[in-house]
Amino acid sequence: MITIENGVPVLRTNLSEYKQTKAILDGRVASSKVKLDLCGPTPAHNGFKAMVRENAFDAGEMAIVTFLQAKAYGKPWVLLPAPISGRFQHHCAGFNSDFGHLDPKDIEGKRVGVRTYTQTTALWIRGILRHEYGVDLDKVTWMTLNDGHLAEYSDPANCERLPKGASIPDMMMRGELAAALLGEDMPKDERVRTLVPDAQAAAKDWFAREGVVPVNHFFVVQQDVSKQHPEAVREIYRMIKESRELTEGGLPAIFPPMGLEANRKGIQLAIDWALDQKILPRRLSVDELFDDVTGSLG
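Residues numbered from 1 in each chain as written. Predicted model: local features only at pLDDT ≥ 70, side-chain atom pairs only at ≥ 80, totals over all residues. Heavy atoms only, no water.

Moving on to the overall build of the protein chain. Of the regular secondary structure elements, the protein chain holds nine helices and 12 strands. The globule rule puts the C-alpha radius of gyration for 298 residues at 19 Å, and the 19 Å found for the protein chain is close to it. Along the first, second and third principal axes, the C-alpha set of the protein chain runs to 65 × 40 × 35 Å. For the protein chain, buried positions account for 53% of its 298 residues. Of the contacts made within the protein chain by residues no fewer than 6 positions apart, 76% connect residues no fewer than 24 positions apart. Accessible area for the protein chain stands at about 13,200 Å²; split by element, carbon and sulfur atoms hold 48% of it. On the protein chain, the mean spot of the 36 positive side-chain charges and the mean spot of the 40 negative ones are 1 Å from each other. (Helix = DSSP H or I, 4+ residues; strand = E, 2+ residues; numbered from the N terminus. Rg over C-alpha atoms; globule rule 2.2 N^0.38 Å. Buried < 20%, exposed > 50% of the residue type's maximum accessible area, 1.4 Å probe, protein only. Contact = heavy atoms within 4.5 Å. Areas by Shrake-Rupley, 256 points an atom, 1.4 Å probe, with all protein chains shown as cover. Lys, Arg positive; Asp, Glu negative; His and termini not counted. Charge placed at Lys NZ, Arg CZ, Asp CG, Glu CD.)

On to the layout of surface pockets, then. One number sums up the size of the largest pocket: a volume of about 900 Å³. Forming the walls of the largest pocket are 42 residues, and the residues nearest its centre are Ser85, Arg87, Thr121, Glu184 and Asn216. If you list the elements that add at least two residues to the lining of the largest pocket, you get strand S5 (77–86), helix H4 (120–133), helix H6 (199–210) and strand S12 (215–222). Take the lining of the largest pocket: its biggest share by element is four residues, from H6. Classifying every residue of the lining of the largest pocket by side-chain character gives 14 nonpolar, 20 polar and eight charged. (1 Å grid on protein atoms, 1.4 Å probe; cavity = no way out; pocket = protein on both sides within 12 Å on 5 of 7 lines; lining within 4 Å. Points joined across faces, edges and corners; volume = space filled by probe spheres on them. Nonpolar A, V, L, I, M, F, W, Y, C, P; charged D, E, K, R; others polar.)

Next up on the list: the environment of Tyr153. With respect to the secondary-structure elements, Tyr153 resides in the loop between strand S8 (141–144) and strand S9 (159–161). For the pair Tyr153 and Asp37, spaced 116 residues apart in sequence, the C-alpha to C-alpha distance is 30 Å. If we ignore the near neighbours within four places in the chain, the residues touching Tyr153 are Gln69, Tyr73, Tyr117, Thr118, Lys278 and Ile279.

Let us now look at the sheet that holds S8. Taken in spatial order, the six strands line up as S9-S8-S7-S10-S6-S11 in an open sheet, and their pairing is mixed. Whereas interior strands pair on both sides, the edge strands pair on one side only; in this sheet they are S9 and strand S11 (192–194). Averaged over all neighbouring strand pairs, the angle between strand axes comes to 30°, with direction disregarded. Two elements, S8 and S9, share three bridges in a ladder whose sense is parallel. The residue of S9 that forms the bridge with Trp142 is Cys159. Sheet strands in contact with H4 are strand S6 (93–96), strand S7 (111–114), S8 and strand S10 (179–181), and its direction is about 125° off that of S10. (Pairing = 2+ DSSP bridges. Axes fitted to C-alpha atoms, helices over the stretch in contact; angles between N-to-C directions.)

Moving on, we get to the environment of Pro257. Looking at where Pro257 falls in the secondary structure, it is placed in the loop between helix H8 (230–245) and helix H9 (260–276). On the basis of relative accessibility, which here comes to 33%, the residue Pro257 falls in the partly exposed class. Separated by 104 residues in the primary sequence, Pro257 and Tyr153 place their C-alpha atoms 30 Å from one another. Excluding anything up to four places from it in sequence, Pro257 contacts Pro83, Arg244, Ala262 and Asn263.

Here we take up the packing of aromatic side chains. In this structure the tally under the stated criterion is two aromatic pairs. Ring centres 5.7 Å apart and planes at 65° place the aromatic pair Trp124 and Trp273 in the edge-to-face group. Linking Trp124 in helix H4 with Trp273 in helix H9, this pair joins segments that are 149 residues apart in sequence. In this structure, Trp124 and Trp273 share a single accessibility class: buried. Note that Arg126 overlies the ring of Tyr117, its terminal NZ or CZ placed 3.9 Å from the centroid. Against the face of Trp142 rests Arg126, its NZ or CZ located 5.4 Å from the ring centre. (Phe/Tyr/Trp six-rings, centres within 6.5 Å; stacked < 30°, edge-to-face > 60°. Lys NZ or Arg CZ within 6 Å of the ring centre and 35° of its normal.)

Membership of the largest hydrophobic core comes to 60 residues, with the highest contact counts inside it found for Ile107, Trp142 and Leu289. Here this core takes seven residues from H9, the largest share from any one element. With residues near it in sequence (within four places) discarded, Ile107 still touches Leu102, Val112, Leu129, Val135, Lys139, Val140, Trp142, Ala179 and Leu195. In this structure, Ile24, Val29, Ala59 and Met258 belong to the second largest nonpolar core, which totals 25 residues. (Core = buried A, V, L, I, M, F, W, Y, C linked by side-chain atoms within 4.5 Å.)

Another aspect to go through is the side chain of His149. The residue His149 is located in the loop between S8 and S9 in this model. A distance of 2.7 Å separates a polar atom in the side chain of His149 from a polar atom in the side chain of Thr66. If sequence neighbours within four positions are ignored, His149 has contacts with His45, Phe48, Lys49, Val52, Arg53 and Thr66. (Polar contact = N/O pair within 3.5 Å; in protein donor to acceptor, adjacent residues only side chain to side chain.)

We now examine unusual backbone geometry. Along the chain, Thr42 connects to Pro43 via a cis peptide bond; the corresponding omega equals -5°. Within the secondary structure, Pro43 sits in the loop between strand S3 (35–38) and helix H2 (48–54). In this structure, Asp198 is a non-glycine residue whose phi angle is positive, near 45°. You can see Asp198 is positioned in the loop between S11 and H6. On the accessibility criterion, Asp198 (58% relative accessible area) is exposed. Residues other than glycine seldom take positive phi values, yet Lys278 does so here, at roughly 65°. Relative to the assigned elements, Lys278 resides in the segment after H9. Judged by its relative accessible area of 43%, Lys278 falls in the partly exposed class.

The values are spatial; any link to function lies outside them.
What follows is the structure in structure tokens.
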């Protein structure tokens, strides 16, 4: 049940503070038509499981992989074409060069660490390794710390669970894992190399060809929010757009755009790669992720 105060819907919202969302969190961007009760954990990804398993929030950011799975398993969420975070992912797979050089295909037959198999960063970097470098992902043993956000989902057979309390960065540095998909948790150590050769240049080349900035998190709302309070949803979209425009120092030169059509190719790529990597039980269409309200935003 959505709370109403003075005629305005109050939405339990799970949203982290980033440079591009700070103006919402500090109140510079607000609305008379919707109130966001920013009651989620820090960081917001710690609330994704509660969003899809318990409906603990009415709105908030959600990893694109989590949302795609939620849609495939019939959870009551709808996407706004409003990316909250995204970046190039080519640098997110690394290895310790003390144990020898690795080319991408060298991880076949080896153990590679990742927080969860369904982590969005992992989806993107695995897709890059497969489609750009010919890696057979089924020949890699993916060593995971946690299960995915959706209770209905089980990891593929070539996943194994690490002991509770294990540290993937530490295991990689000790050579217990051949490589790791780590994103921002990659150890700041001169021995660490990116699995993708010259990752920054490779990312720029890929972007020049594909025109896609991989999105990590989009904003989502419960279906009932969109049905019962469409003006509130339109206001949220406006607030996100205005907050992005107020980003201190400006958004990065390469950042996911707003709007459905501007994000269609990237969302389709996420769907294709998630299906290919055994993350989705069925193929989704881009358009079924939106409803009449959210699909017309922007």
